[in-house]
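Below, each chain spelled out in residue letters.
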Amino acid sequence: MPLNIIVLIKVIPDLEQIKANASTGEVQTDRIPLRLETLSENAIEAAVQLREKHGGKVFGLIFGKQESAPLMKKAYAMGVDEGTVLTGYGENNPMHTAEVLCQKIRTMQFDLIISGNQSADTYTGLLPGIISSKLNINLLSNALTLSIDQATITVRSSLDRKIQNLSSQLPAIVSVTQETNQPRLPPVMQIMAAGRKQIVTEAAQVADTANVKRISNKAPKSERRKQLFEKTDEGIVAIVKAIKEEIR
Amino acid sequence: MKTLIFADDGEIAGQICSYLKTGTENYVATLPGEESKCGKTGAKQIFVLNGKPDSSNVSIALKELKDRESIDYVFIGSTAFGRDVAGKLSGLGNMKPLSEITSIAFKDGIAVTTRFLYGGKSVLTEESNSNLFVTAPGISEIVQDKPGSPVQQLNLNDPAVKIVGEEKKSAGGVDLEKAKVIVSIGRGLGKPDGIPMVEQLAKAVKGEIAGSRPVCLDYHWLSEDRQVGLSGKKVKPKLYIAVGISGQIQHIAGMRGAKTVIAINKDKTAPIFEECDYGLIGDLYQIVPKLVASLLA
Amino acid sequence: MMYLSSILLLAGLLAAAASFFYTLYSIFWNALRIPEKKIKMGLSIGRRIYLTIRNVLLQGKLFKDSSGGIMHALMFWGFVAFAGYSATFFARGIVPSYQLIPAGLFKDVLFLTVDIFALIVIVDVGYAVLRRWVIKVPRYQGYNGFEASFILFLVATLMVTYYALGVLRLDGVSAGITGAIMEGIPASYTPISGFFASLFPGISGSSGLDLYWILYGIHAIDFIVFLAYIPTSKHLHLVAAPLNVLLSKDTKPAQISLIDFEQQKRFGATDIRDFSWKDYMDFYSCTECGRCTYNCPAFLTGKTLSPRDIIWDLRKVVMEEGPKLRHAGIEEKDKILTPVIGEPISEEDLWSCTTCMACVEQCPVMIDHVEKIVDMRRSLVLNQGKAPKETIETYTNMEMYGSPWINDPSTRGDWAKDLNVNILSESQNDDFDILYWVGCVASYDRRNQDIAKSIVKILQKAGVRFAILGSEEKCTGDPAKRTGNEYLAQNLATANIETLNRHKVHKVITGCPHCFNSLKNDYKEMGLEMDVIHHTEFINQLISLGKIDLKALESDDKEKFTYHDSCYLGRYNKIYEEPRTIIKTVTSNFEEMEMNKSKGLCCGAGGGRLWMNENVGTKISHKRMEMADKVNATTVVTACPYCMIMLDDARRVMGKDEKMQISDISEFVASRLVQN
Ligand SMILES: Cc1cc2nc3c(=O)[nH]c(=O)nc-3n(C[C@H](O)[C@H](O)[C@H](O)COP(=O)(O)OP(=O)(O)OC[C@H]3O[C@@H](n4cnc5c(N)ncnc54)[C@H](O)[C@@H]3O)c2cc1C
Ligand code: SF4
Ligand code: SF4
């Protein structure tokens, strides 16, 4: 059965290059290169693999800013057939993100939605659940593997202490993990073709009713502290304190 | 102020309950077998959700509880299952969620929270009127000093998805990528006989043991799946303790995501000291036992 | 009798010639019709003739393996002399009265040569038998089948019958036969035949004549079989190898060609259409000698990669699919051609290659293995996105950070912050004479930053006005290019070329042979004209110009130095002497390791292998460290950051860190600078 798959793609600033302002300690994200969030790449890969097996179409949705649009090319290169960039992303607000995406999705035909189970920048991990509720479709989360037979999807779902084998009728939403697959290196032909493909951008129709006010966004540390101790006893005191901080 | 706390791991539910202490009336919901882990943390009531839990039926049960008990705030422990439930519940109850909080205080009905952003690169302090908080594990020590809470059994609906089978995650295999604390050993250990000593350290910090390439691949003191580095695992624990590791670039490539790095090395000029937060210069055979002793003291 | 023999000989010769030329035709058809890959052929005629004289007539490259080489050279020269003899043999045999070469001194000397070389060839065959089946020289093992023995048998028989006929001639048996071979050559010009004749009692009469005709028959048949057999066997090299040398390309060996992504439709080598006709000549020229494989670091340390097998496997596919194509029509390509990767050439073997060029260097017939291996890697990477996991990660990093590791690019120049260096990304001050290209390894690896600092120290001491690019420098793309990701490599190169032009850079010094080779050769192909110098050359110049002086350290007496050749400095760019000269200006405690200079053993890091696992067999770097240990070196001097990482790792893992250190030539120099 050919599948219509929607894959939710997140664009984030490259975390490795995020720096703090030396004097204020505030984090600066402007002028940091953007990239596809790594779990989004797993999601794309999963979608493309299903399409390769069953036929159909992979539709990519990015909810981001205007600057995020060029990143759709990478998604195309990895095998996404068509894509839309919804602009208007403000701060991290999963309810708003979900509503924007659902509004768009409701206008589309789909059998399956795939997204990452969390994202490397915010770790929220709420989006798959919210969308599942809002669209009233089943959620199969943290997939280690996923397969489709007729209109049934089966997922090996990795929870903290156990693995569950889940199955559900389509349509459904699946969240993937890093173990789901190894995202492919796009073949050059596809990179070239992706460069010529059109990217549709639409302004999000839902206003962000932010209920969260940011007081500060400080880097706990900009780089390694490099505190060295030559006297063991002195060092141990400091280190034990640091360890207790981290493992409490 | 009434809160409802849910975690599929009773310990995390207990942590949240202990953290919130007094001032709030805490209701706890958890899965069968977990209730004793948080039984004496001061919850007004503990609900045990019986049946075949999935994110759908648990979120429905929580919504019902929330409405029934007129809950003001919901706290959900951040586990894979917890996040699914939190998402479902947010959508279901049109709530205002805030995720991965590491601290919370209420000020005039406004929640002041902190959480990490950008993969731990920064700390956000926020004010909000959110009413669902996904809480990072370890927000507090669990304190079991209250009288036992009354326990009520509830039955879940049938799950929305079919649960075809279930298996425990094997305890033997290590999942370094997910480990929160890692004690990593290098060639400086000199001989495999040093490993039990390091294991004690690992135990004291509740961490996994890992190693550099020579230790795993060349000498086989540890199994190969414990190798950290370019050609091994890329780890991002909160705490990484490098014992007798020089810190070559191929090794750093695997642990640069660690939040706090502690290095023990006898060579002052070892590159690892450029990549650590705290460094102890000296013989690891002297330092490690002392460190273990003061950790346990 | 004469009449009959003429006819038989003519018929045999025609049959052999027909078979010979038909096989050649089909083989050349393959080479001219199947390939789609285009190559540049700009080499000057003079250079071609030079190469042909040196490597064909003088057998130049064979002597890299002296014992086998001398044997082959003698065999070759014997065959050349014998060619004149055989032409005469057939000409006279068919038209008895015809003198192909007029009687005279030339002919006499030619036959004298033949008479001497025939013996040498017999001895050679004996030696070959000894090497193959008694001494069992490793590189022939597995290649001693029917073909090798049959050829040796044919050659030996030809030579023995030659002498037998010569003996009979001296006995006067053939005196009456017009057209008898060697008629009229003075006995003094066939001294060896004369010597054999003296060993046997004379023979005459009809029994002599019968014997003569029997031997004549064997001799003739041997010739004919040999002729027909040549093109179907590895002895095709007799025809193909000289041509291959004559038709050499103008690019350096192992120079990886550019891809025009807008124009080209097929990337890399997937099946045999994706090689060039020159590659086909390479396949045909291979003699199966195994020199390549027995110098291949991967093979020598227990990997399954064998460059000989790569060439021979490709040849087999060509020989198999070529005729099918010829019969079905070239339009049927898509149906007939099958991928060569997977079967017969495994992906693992392709990834095992360090692109060290040892195989190319050793190959007597100038085959370029590296280019083919990289072309097949390209097929995997560019068409299928397939590469080892670590390699794919390095691609992402190179794209994101301009470095194979995850490194914040804004920190690239941080190592130089306190050294009073003009960092262009910060100063934008283009007032400098030379750009020091630091490279990723020396920019980010702690150990290798010491090399960068030493270079800075030397440059400052010599008063050179230099600058570094800082965060504007990106990986040259070498690790991408050599692993087949030409697309990424060209993107990086384009960005770097833009930067270099913007700062109007005309002269570059670099401490990394991989950067060096990229900037000097790869970037040149992309149109960048720049003077590129490696720090070994530059330091050597500074010393000889008196810009810096070195003094021996006290400890130097107790040290024992050796030098490890970097492949990309040595074989790729022929810089062998400069580092040695520098070391020897300071100390005489220097000893070469086994496998040095053009035979230098790779450290195992080239071809992108610095970022891959090496799990099969022993590590190449460990083998190299053993060699350093054998000469009791206390310091191994290198001139390459890749080698530094590999050897330093090997030194530690092997527990040699107490007694041996690895030192870059720049550190060697910087610590011995005379302060004045
Ligand atoms: C292609 C490639 C891939 C690689 N991939 C990896 C990888 O994935 N992971 C990895 O780890 N490495 C990798 N390496 C190897 C890497 O380059 C280093 O060689 C390795 O990390 C060094 O390991 P080490 O720090 O344990 O040993 P060493 O470098 O030998 O360091 C030992 C340290 O212990 C200290 N020491 C010794 N005795 C004592 C004592 N009694 N008390 C305290 N300190 C002591 C010494 O001062 C020294 O600094 C790779 C190398 C290559 C070439
Ligand atoms: S380039 Fe080096 S590693 Fe590769 S096949 Fe040739 S000899 Fe072997
Ligand atoms: S490729 Fe060259 S060196 Fe290798 S076997 Fe063939 S002829 Fe010999």
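Below: a short report on this structure. (Residues numbered from 1 in each chain as written. Chains lettered and ligands numbered in written order. Predicted model: local features only at pLDDT ≥ 70, side-chain atom pairs only at ≥ 80, totals over all residues. Heavy atoms only, no water.)

1. Considerations on the overall build of chain C
Right, on to step 1. Looking only at helices and strands, chain C features 27 helices and eight strands.
Right, on to step 2. The principal-axis extents of the C-alpha atoms in chain C amount to approximately 100 × 65 × 45 Å.
Right, on to step 3. The 676 residues of chain C split such that 60% are buried.
Right, on to step 4. Residue pairs in contact within chain C that sit at least 24 positions apart in sequence constitute 81% of those at least 6 positions apart. (Helix = DSSP H or I, 4+ residues; strand = E, 2+ residues; numbered from the N terminus. Buried < 20%, exposed > 50% of the residue type's maximum accessible area, 1.4 Å probe, protein only. Contact = heavy atoms within 4.5 Å.)

2. A few points about the sheet that holds strand β11 (residues 181-185) of chain B
Right, on to step 1. Taken in spatial order, the six strands line up as β15(A)-β15(B)-β14(B)-β13(B)-β11(B)-β12(B) in an open sheet, and their pairing is parallel. Both outer strands of the open sheet, β15 (227-229) of chain A together with β12 (208-211) of chain B, are each paired with one neighbouring strand and no more. For this sheet the average axis-to-axis angle between neighbouring strands, irrespective of direction, equals 20 degrees.
Right, on to step 2. Pairing between β11(B) and β12(B): four bridges, direction parallel. Among the inter-strand pairings, I182(B) is bridged to a residue of β12(B), identified as E208(B).
Right, on to step 3. The sheet strands contacting helix α6 (residues 232-247) of chain A are β15 of chain A together with β11, β13 (239-243), β14 (260-265) and β15 (278-281) of chain B, and the helix crosses β15(B) at an angle near 145 degrees. (Pairing = 2+ DSSP bridges. Axes fitted to C-alpha atoms, helices over the stretch in contact; angles between N-to-C directions.)

3. Section: the environment of L542(C)
Residue and element names in this part refer to chain C.
Right, on to step 1. You can see L542 is positioned in helix α23 (residues 535-544).
Right, on to step 2. When the C-alpha atoms of L542 and A480 are compared, they prove to be 33 Å apart, with 62 residues separating the residues in sequence.
Right, on to step 3. L542 has contacts with I458, A462, K547 and I548, leaving out every residue within four places of it along the chain.

4. Structural notes on the site of ligand 3
Right, on to step 1. Around ligand 3 sit 13 residues, and of these C286(C), C289(C), G290(C), C292(C) and C363(C) come closest.
Right, on to step 2. Residue composition of the shell around ligand 3, grouped by class: seven nonpolar, three polar and three charged. (Near = heavy atom within 4 Å. Nonpolar A, V, L, I, M, F, W, Y, C, P; charged D, E, K, R; others polar.)

5. Section: helix α19 (residues 446-461) of chain C
Right, on to step 1. For α19(C), with 16 residues, the first-to-last C-alpha span of 23 Å sits near the 22 Å given by 1.5 Å per residue.
Right, on to step 2. All of the buried residues in α19(C) are R447(C), N448(C), Q449(C), I451(C), A452(C), S454(C), I455(C), V456(C), I458(C) and L459(C). (Expected span 1.5 Å × (residues − 1).)

6. Some thoughts on a nonpolar patch on the surface
Residue and element names in this part refer to chain C.
Right, on to step 1. A cluster of nonpolar side chains, contributed by I45, I49, I53, L57, L58, F63, I70 and W77, occupies part of the molecular surface with about 730 Å² of accessible area.
Right, on to step 2. Where the nonpolar patch is concerned, the elements lending two or more residues are α2 (45-57) and α3 (66-94).
Right, on to step 3. When residues in the nonpolar patch are grouped by element, the largest group, four residues, is from α2.
Right, on to step 4. In this structure, I49 sits in helix α2. (Patch = residues over 30% accessible without salt bridge, like charges linked within 9 Å, V, L, I, M, F, W, Y side chains within 5 Å. Areas by Shrake-Rupley, 256 points an atom, 1.4 Å probe, with all protein chains shown as cover. Salt bridge = Lys/Arg side-chain N within 4 Å of Asp/Glu carboxyl O.)

7. Brief notes about the site of ligand 1
Right, on to step 1. Surveying the vicinity of ligand 1 reveals 30 residues, the closest of which are R187(B), S212(B), S246(B), D649(C) and R652(C).
Right, on to step 2. Backbone polar atom of G244(B) to an oxygen atom of ligand 1: 3.1 Å apart, as the coordinates give it.
Right, on to step 3. Measuring from an oxygen atom of ligand 1, one finds a side-chain N or O atom of H251(B) at 2.7 Å.
Right, on to step 4. When contributions to the shell around ligand 1 are tallied by element, the ones reaching two or more residues are α5 (213-218) and α6 (249-255) of chain B together with α26 (641-653) of chain C.
Right, on to step 5. No other element matches the three residues that α26(C) contributes to the shell around ligand 1.
Right, on to step 6. Its residues placed into classes, the shell around ligand 1 shows eight nonpolar, 14 polar and eight charged. (Polar contact = N/O pair within 3.5 Å; in protein donor to acceptor, adjacent residues only side chain to side chain.)

8. Focus on the packing of aromatic side chains
Right, on to step 1. Taken as a whole and assessed by the stated rule, the structure comprises 41 aromatic pairs over all chains.
Right, on to step 2. The cationic tip of K197(A) hangs over the ring face of Y76(A); the distance from NZ or CZ to the ring centre is 4.8 Å. (Phe/Tyr/Trp six-rings, centres within 6.5 Å; stacked < 30°, edge-to-face > 60°. Lys NZ or Arg CZ within 6 Å of the ring centre and 35° of its normal.)

9. Examining the interface of chain C and chain A
Right, on to step 1. At the interface, 20 residues of chain C touch 14 residues of chain A.
Right, on to step 2. When chain C packs against chain A, close to 1500 Å² is buried across both sides, 65% of that on carbon and sulfur atoms.
Right, on to step 3. Across the chain C-chain A interface, the total number found is zero salt bridges.
Right, on to step 4. At the surface where chain C touches chain A, the tally comes to three residue pairs in polar contact (both at pLDDT 80 or more).
Right, on to step 5. Elements with a minimum of two residues in the side of chain C that touches chain A: α15 (369-384) and α16 (389-401) of chain C.
Right, on to step 6. A total of six residues in the side of chain C that touches chain A trace back to one element, the largest contributor, which is α16(C).
Right, on to step 7. Tallied by class, residues from the side of chain C that touches chain A come to eleven nonpolar, five polar and four charged. (Buried area = accessible area lost by both parts, 1.4 Å probe.)

10. Points about the pattern of salt bridges
Right, on to step 1. In the structure shown here, the tally under the stated rule is 75 salt bridges over all chains.
Right, on to step 2. A salt bridge links K178(B) to E179(A); its shortest N-O distance comes to 3.5 Å. Within this pair, whereas K178(B) is found in the loop between β10 (162-168) and β11, its partner E179(A) is found in the loop between β12 (172-176) and α5 (188-196), the two belonging to separate chains.
Right, on to step 3. Members of the salt-bridge network, linked through shared partners, are K37(C), E371(C), D375(C), R378(C), K481(C) and E486(C).

11. As for the packing of α23(C) against helix α24 (residues 577-586) of chain C
All names here are of chain C.
Right, on to step 1. Relative orientation of the contacting elements α23 and α24 amounts to 45 degrees, with a least axis distance of 8 Å. Accordingly, the angle class assigned to the pair α23 and α24 is oblique. Read as a crossing pair, α23 and α24 show a hand that is left-handed. Contact residues: α23 offers T536, E537, I539, N540 and I543, while α24 offers E578, P579, T581 and I582. (Parallel < 35°, antiparallel > 145°, perpendicular 65-115°, else oblique. Left-handed = near helix turned anticlockwise from the far one by under 90°.)

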